[in-house]
Every structure is written in C-alpha cells, then in structure tokens.
Amino acid sequence: MRRKRMTGKERRQQLVEIGRELFAERGYDATSVEEIAARAGVSKPVVYEHFGGKEGIYAVVVDREMRLLLDMMGEALTADQARSKIEKAALALLRYVEENTTGFRVLTRDSHVASGTGSFAGLINDIASQVEHIMVAEFEEHGYDPSLAPMYAQALVGMWALTGQWWLEVRRPRREVVAAHLVNLAWNGLSSLEAKPKLAAKPKGRRSGR
C-alpha cells in the first residue's frame, strides 16, 4: 500500500519537528541539512526548497519556543498581587521546562546569528522587560528608587532562568517545591529591601601604580 504523500504544510511541520529534536540533541553547528533530510526521509533539495537551509528551520524553531515561553510568562504576570505574580511566573517557567524540554534545550544549548533575536539572553531580556514594569510600580509604592527596577528585574528573571537550566538536568525536587524556594528567596528578599543598601565589608583600597 502506497504511503500518502505529505502536503507542503505537513512537510514543513515535519522538518521543523525533526530540526527541533536535532538542535536539542547536537546543537546548531553540529546539525547538518543531510541529517535533517535523512531523518525526514527526503532529499536535501526538499529541505532547501522549504527553508533555504538549516538556518531557516532553526529560526522557526526558536521563534516558536520563544513565543510559547513568553506567552506563558506573560499570562502568569497578569495576576493581581505581587507575590502571586512571582509564584505564577516561577511555576510557568518550570512548567515550560518540564513540558517542553526539547524546546528549552534548543533555547539554552546555543544561539546562532541565524536566529536573529533568538538568543537565550534576548529571551531573558524580553521577560525582564515585562517584570520591570511591575517592579517600577511596586518600587514607587514602597518608596524605593524606580530607576533601579530594570536591574532588579534582570536579577530576578536571571535567577529563575538559571535555576530552570539546573533543574532541566536534575529534575528534583518537583517543580512546585523548586518554585516555592524561588519565591521564598525572591519575595523575602524583596519585602526586606533597604532603600539605600551598602556593603557590610569595606572594599579594599586600590594600590597606586608606579
């Protein structure tokens, strides 16, 4: 019995899924058009016809993963209370890691110029910009300097992201426990902020050069 021929849309989706798996397994540079074509059971020209090469597939994969994660984080940050926002955002990131492991590996394994804005650092900046708006309002309400909100947003989101990368490999404790500890550190730290923090230890003076 002859196998039904794929439509152009189905073939594109197949190539994207295969590329996604290979980029997660091997990284961008170690993945070749030949491998993608072989795993899809097609010739190299078919890949070039649909995407112009692995760069095109990679760009689509990264764009989809970024959109998915940003949507999940954005939805979490619409909660009413500040603590609830932090809790839901931490859970959203860990849920993405757990349910979309392959995609998260693609985002964090390596970034290539072909992806444009597809670097993990770029993704973190996008999420941090959403958090920044929330923190500005919180800082103003509590009398802190709102101009420092971007720095705190980067620190907060960076903590989530790096913990997510660590948890990707260990997968313990379960995500709700990890999220609770992230919130514990973040919330208790934010709730006890000093308006003008100073280092406890005095920095040593620099030696003057000759």
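Note that the coordinates shown come from a computational prediction; the quantities given were computed from them, not determined experimentally. (Residues numbered from 1 in each chain as written. Predicted model: local features only at pLDDT ≥ 70, side-chain atom pairs only at ≥ 80, totals over all residues. Heavy atoms only, no water.)

**Focus on the overall build of the protein**
Along the backbone of the protein there are nine helices and zero strands. Helices and strands in the protein line up, N terminus first, as α-α-α-α-α-α-α-α-α. Against the 2.2 N^0.38 benchmark of 17 Å for 210 residues, the protein shows a C-alpha radius of gyration of 22 Å, more extended than a compact globule. With respect to the three principal axes, the spread of C-alpha positions in the protein is 75 × 55 × 30 Å. By the burial criterion, 40% of the 210 residues in the protein qualify as buried. (Helix = DSSP H or I, 4+ residues; strand = E, 2+ residues; numbered from the N terminus. Rg over C-alpha atoms; globule rule 2.2 N^0.38 Å. Buried < 20%, exposed > 50% of the residue type's maximum accessible area, 1.4 Å probe, protein only.)

**A short note on unusual backbone geometry**
Cis geometry marks the peptide bond from Arg-172 to Pro-173; its omega dihedral reads -5°. As for its placement among the helices and strands, Pro-173 is situated in the loop between helix H8 (149-170) and helix H9 (175-191). With a phi close to 55°, Arg-171 is a non-glycine residue in the positive phi region. Within the secondary structure layout, Arg-171 lies in the loop between H8 and H9. Residue classification places Arg-171 among the partly exposed positions, given a relative accessible area of 32%.

**Focus on the UniProt feature "domain: HTH tetR-type" (unreviewed entry) in the protein**
As annotated by UniProt and renumbered to match this structure, "domain: HTH tetR-type" (unreviewed entry) occupies residues 9-69. As annotated, residues 9-69 has a helix share of 82% and a strand share of 0%, and its two end C-alpha atoms lie 24 Å apart. (UniProt positions renumbered as here; feature names shortened; annotations may be inferred.)

**What about the UniProt feature "DNA-binding region" (unreviewed entry) in the protein?**
Mapped onto the present numbering, the UniProt feature "DNA-binding region" (unreviewed entry) falls at residues 32-51. Split by type, residues 32-51 is 80% helix and 0% strand. Its first and last C-alpha atoms lie 13 Å apart.

**Let's talk about the nonpolar core**
Residues Val-131 and Trp-160 are the most contacted members of the largest nonpolar core, which totals 60 residues. Per-element accounting of this core gives the leading share, 10 residues, to helix H4 (residues 54-76). Not counting residues up to four positions away in its chain, the partners in contact with Trp-160 are Met-73, Ile-86, Ala-89, Ala-90, Leu-93, Val-131 and Leu-182. (Core = buried A, V, L, I, M, F, W, Y, C linked by side-chain atoms within 4.5 Å. Contact = heavy atoms within 4.5 Å.)

**Quick look at the pattern of salt bridges**
In the structure shown here, the tally under the stated rule is 14 salt bridges. Between Glu-65 and Arg-20 there is a salt bridge, with its nearest N and O atoms 2.8 Å apart. On the criterion of sequence distance, the pair formed by Glu-65 in helix H4 and Arg-20 in helix H1 (residues 8-26) is long-range, its members being 45 residues apart. Exposure class is identical for Glu-65 and Arg-20. Each is buried. One connected set of salt bridges, linked through shared partners, spans Arg-95, Glu-98, Glu-99, Arg-174, Arg-175 and Glu-176. (Salt bridge = Lys/Arg side-chain N within 4 Å of Asp/Glu carboxyl O.)

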